[in-house]
Amino acid sequence: MKKNMITGSKLWSIAMITSLLAACSSPATTSTTANAATSTTGTTKTVSVSEQTSVKYADLVSLDADDTNISWSEADSTAIKLNGTTATVTGSGAKAANGSVTISEAGTYVLSGELTDGQIVVNVADKGTVHLVLNGATIHDNDSAAIYIQKAGKAVITLEKGTKNTVSDGKTYVYADATTDEPDAAIFSKADLTFNGAGQLTVTGNYNEGITSKDDLKIISGNISVKAADDGIKGKDMVAIQAGTITIEAEGDGIKSTNDTDTTKGYVAIAGGTFDIQSGNDGIQAETALVADGGTYNIVTGGGSTNAPAKVEEGPFGGGGGWGGGTPPTDMGTPPDGEPPADMPEMPNNSGTNAGANTNGAAASNSANTTTTTTDNNADADTATTATESTSAKALKAGTDLTVNGGTYTIDSMDDSLHSNNNVTVNDGTFSIESGDDGIHADQALTINGGTITIAKSYEGLEGAMITLNDGDVDVTASDDGVNAAGGETETAANTAASTDSATTATDAATTSNISVTETTGTTSTTDQASQGTAVNQQGRGPGGMGGAAASNNEFHINGGTLTVNAGGDGLDSNGSINMTGGTVIVNGPTNSGNGALDYDGTFEISGGYLVAAGSSGMAQGTSDASTQNTIVMTFPATQKAGTLVHVQDSEGNNILTFAPAKDYQTVVVSSPDLAKDGSYVIYSGGTSTGKAVDGLYTDGTYSGGTQVVAFQSTSNVTWVNESGVTTANTGMGGPGGGGQGGFGGGRNRSQSGTTSDSTVTTDSAK
């Protein structure tokens, strides 16, 4: 019978992605009309994030005696001596014929020598364990897999200590007929496959993949190097790596699992090891869960972050959103009341209304490897996003949950560096990240419980529907938002009196995640909130302004740790609310007035920790009035140069803040446990400090030589000041509103806070 020739050379190509993503989310509009009768009918998901995820390698992977067995003896094994296109078999259970060796019985087989064009076939009918010892073996097959585990209970390949072994295939495979497509890897197994030992193995998959198991694939130890035309190492039900040194150069994915029909399988679990992965697509990709307890990783995907497509932005208005929302006061110093800053983008000509406004900043998944063109109505800043995508080039990617318990990671990825279609949890580890897209992205919850994370380059640093920082040191540099709480499945937007949501928000993936999901089908309503006062009800409104989109269910929680952000877009951005109870947050925000150092649609309640955020003034927001820790928001009369110290001290000379922003700035927000609601403070500009700055913040030393800008007395828990003193906030310019046609709104009403003078401490005559 004539053999059917199939060409297997695969060309890898990356289609450039063009995304029209806007920089900022729309501030909230809270009005008497909207709050009087807001109802939601449908399925509601309640999300509760645990502080610690306990999923580890040992919870997913169990080893038996065969997995760890590396011993053998000549007396108890069959020797297979390879020699060109022939082989000599000494012992039972195997036969050599036509340049190939077929193993038909369970047992131990020791391979040595070189097979220049032939195949090792394992076909054991009784499902026993076949132990292959590579003892200095070179195996090549021109038109099929060099090692083909066709049938067995389990196959174990031991790399004998001190030996070098090579396995490779050709670029063209020969199959029995057109319906056959297996094997398709240099080492291909239909049974469980385990690698162990202390030797070296070099695998070259010229046709398609390097190593493939259609069942479990385990690597216990060894020095394994794989080069593949497509995927490097692939297991269907699991890929489990306990230790070893693994080097992969793959045009497709580096390491991947593929079972997408059984939620208890399809995972990748890594206890440790050393990994050097260069992949055209994802570095390590799990169909379900990805768990990494430790190891040292150097991962480059898609040629690195420099190959990422440029992000093209329409500007901060999107679908006709006005400058609504935000909480700046009436008098912002410079520019004068009611006039937009010189660098504020021109208002779009849009006659739309706020009804049915779309929400901001979707945490969208890029899991598909197919070419698609999409319009993303949830894109950040309410802009429509058109993206053409042909590849996923993420470094660590999970279909359900990604959990990192430790390890050292150096990542340069064209796409997201850490990505999950569900949840990401970082419990520990050291990360050095350069990303062409998000540094760390979760479609649902992103939780950081520890570790040291440096995102030196990204489009957005941290992104998820719900983001929680409990501990750890996080340093983010982003060309757009530093932190973006956006997306998820419970997000809604409407500025009308009532809205209906019939979407079902529960997902099957939640059953294996660290998020508990409570589903309730029914109708929920919000009664009149007018009792909260005019100040709240007028948030997001300005002269002639219609507000931005309503706040979503997105949340950003800061309970501890340190977070430093340098963002070209919004520093901290939440399409819902921000809550801070502890930790230290330093934000070097945008220099353009279309974004803000802080940008939230709901509330920002702070009850502990230390916050300093510097940036432009056009979209400036402070913390919310409901906060129990006090805040000062200072707007300077003109833009201050990068590195110019801003110093705040109380009336007794105690340091509240000495900070050198990394970029030009005009507004500075500071919240500290040392601030008192009725305290007297002085703000200085310039000068020097004898202390040592960490991320621009001085916590010791002596400040001197600055110019006093203003002295004032704080009379509320959020005090807005400029060079003239404490200001009122009946109206004012906010940031770009979402969804509807809005005017230059955004001021939150506040009562008169007290009298002011240029350089004297003031008191509140009302008290």
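Residues numbered from 1 in each chain as written. Predicted model: local features only at pLDDT ≥ 70, side-chain atom pairs only at ≥ 80, totals over all residues. Heavy atoms only, no water.

> Can you lay out the overall build of the protein for me, pointing to particular residues and giving the numbers?
In terms of helices and strands, the protein carries four helices and 64 strands. Counting only contacts in the protein whose residues sit at least 6 apart along the sequence, the fraction spanning at least 24 positions is 64%. Total accessible area computed for the protein in this model is approximately 27400 Å², and 46% of it derives from carbon and sulfur atoms. (Helix = DSSP H or I, 4+ residues; strand = E, 2+ residues; numbered from the N terminus. Contact = heavy atoms within 4.5 Å. Areas by Shrake-Rupley, 256 points an atom, 1.4 Å probe, with all protein chains shown as cover.)

> I'd like a description of the side chain of Thr-108, backed by residues and values.
By secondary structure assignment, the location of Thr-108 is in strand S8 (residues 107–115). In this view, Thr-108 contacts Trp-72, Asp-76, Ser-77, Thr-78, His-131 and Val-133; residues no more than four positions away in its chain are not counted.

> Tell me about the pairing of strand S35 (residues 408–413), residues and numbers included.
Every regular strand shows the same layout, with side chains that alternate between the two sheet faces. Residues of S35 alternate between two faces, with Tyr-409, Ile-411 and Ser-413 buried on one and Thr-408, Thr-410 and Asp-412 left unburied on the opposite face. Bridge count between strand S29 (residues 296–301) and S35: six bridges; the pairing is parallel. Paired with Tyr-297 across the bridge in S35 is Tyr-409. Across six bridges, the pairing between S35 and strand S38 (residues 430–435) is parallel. Residue pairing in the sheet places Ile-411 in a bridge with Ile-433 of S38. (Buried < 20%, exposed > 50% of the residue type's maximum accessible area, 1.4 Å probe, protein only. Pairing = 2+ DSSP bridges.)

> Go over the side chain of Ser-168, please, and point to the residues and values.
Examined against the element boundaries, Ser-168 turns out to sit in strand S13 (residues 164–169). For Ser-168, the contacting residues outside a window of four places in its chain are Ile-139, His-140, Asp-141, Ala-146, Ala-186 and Thr-204.

> Lay out the environment of Thr-288 in plain terms, naming residues and giving numbers.
Of note, Thr-288 is situated in the loop between strand S27 (284–286) and strand S28 (290–292). Owing to a relative accessible area of 9%, Thr-288 belongs among the buried residues under this scheme. Along the sequence, Thr-288 and Lys-265 sit 23 residues apart, while their C-alpha atoms lie 7.1 Å from each other. Setting aside anything within four residues of it in sequence, one finds Thr-288 in contact with Asn-259, Asp-262, Thr-263, Lys-265, Gly-266, Tyr-267, Ala-398, Gly-399, Thr-400 and Asp-401.

> Tell me what's going on with unusual backbone geometry, and back it up with residues and numbers.
The linkage connecting Glu-182 with the following residue, Pro-183, adopts the cis geometry, with an omega of 0°. With respect to the element layout, Pro-183 can be found in the loop between strand S14 (172–175) and strand S15 (185–189). At Lys-127, a position not held by glycine, the phi torsion is positive, near 60°. Along the chain, the position of Lys-127 falls in the loop between strand S9 (120–123) and strand S10 (129–141). Judged by its relative accessible area of 52%, Lys-127 is exposed.

> Requested: an account of the pairing of strand S26 (residues 274–279), with residues and values cited.
With burial as the criterion, only one face of S26 is covered, namely that bearing Phe-275, Ile-277 and Ser-279; the residues Thr-274, Asp-276 and Gln-278 on the opposite face remain uncovered. Pairing analysis gives six bridges linking strand S23 (residues 245–250) to S26, with the strands arranged parallel. When the bridges of S26 are listed, Ile-246 appears paired with Phe-275. By the bridge criterion, six bridges tie S26 to S29 in an arrangement that is parallel. What sits directly across from Gln-278, in S29, is Val-300.

> Account for the pattern of salt bridges, with residues named and values stated.
Charged atoms that come close allow side chains of opposite charge to pair. Using the criterion set out here, one finds 11 salt bridges in the structure. For Lys-214, the salt bridge identified is with Glu-182, shortest N-O distance 2.3 Å. Of this pair, Lys-214 sits in the loop between strand S18 (209–213) and strand S19 (216–219) while Glu-182 sits in the loop between S14 and S15, placing them 32 residues apart in sequence. For the salt bridge of Asp-237 with Lys-265, the shortest nitrogen-to-oxygen distance reads 3.9 Å. Of this pair, Asp-237 sits in the loop between strand S21 (233–235) and strand S22 (238–241) while Lys-265 sits in the loop between strand S24 (255–257) and strand S25 (267–270); the two residues are 28 residues apart in sequence, bridging distant segments of the chain. Its relative accessible area of 33% is what places Lys-265 among the partly exposed residues. Taken together, the shared-partner salt bridges in this structure form one network comprising Asp-64, Asp-67, Lys-154 and Lys-218. (Salt bridge = Lys/Arg side-chain N within 4 Å of Asp/Glu carboxyl O.)

> I'd like to hear about the environment of Gly-210, residue by residue, with values.
Mapped onto the secondary structure, Gly-210 falls in strand S18. Linking Gly-210 and Ala-228, residues 18 residues apart in sequence, is a C-alpha distance of 5.1 Å. If sequence neighbours within four positions are ignored, Gly-210 has contacts with Ala-185, Ala-186, Ile-187, Val-203, Gly-205, Val-226, Ala-228, Asp-231 and Gly-232.

> Describe the confidence of the model for the protein, and please don't skip the residues or the numbers.
Of the residues in the protein, 69% reach a pLDDT of 70 or more, and the chain-wide mean stands at 78. When the criterion is pLDDT under 50, residues 490–549 qualifies, and its contacts beyond four places in sequence or with other chains add up to 182 contacts. Counting interchain partners and residues more than four positions distant, the pLDDT-below-50 stretch residues 729–767 has 184 contacts. (pLDDT = per-residue confidence, 0-100.)

> So what's going on with the packing of aromatic side chains? Which residues, and what values?
Summed over all chains, the structure comprises 10 aromatic pairs. Centroid distance Tyr-600 to Phe-604: 6.0 Å. Interplanar angle 90°. Geometry classified as edge-to-face. Take Tyr-600 and Phe-604: they sit in the same class, and that class is buried. Where Phe-636 meets Tyr-665, the ring centres are 5.8 Å apart and the plane angle is 80°; that geometry is what we call edge-to-face. (Phe/Tyr/Trp six-rings, centres within 6.5 Å; stacked < 30°, edge-to-face > 60°.)

> Any chance you could break down the environment of Glu-114 for me, citing the residues and the numbers?
Along the chain, Glu-114 turns up in strand S8. For Glu-114, a relative accessible area of 42% puts it in the partly exposed group. Taking the C-alpha atoms as reference points, Glu-114 and Gly-136, 22 residues apart in sequence, are found 8.5 Å from one another. Apart from residues lying up to four places away in sequence, Glu-114 is in contact with Leu-82, Asn-83, Gly-84 and Thr-138.

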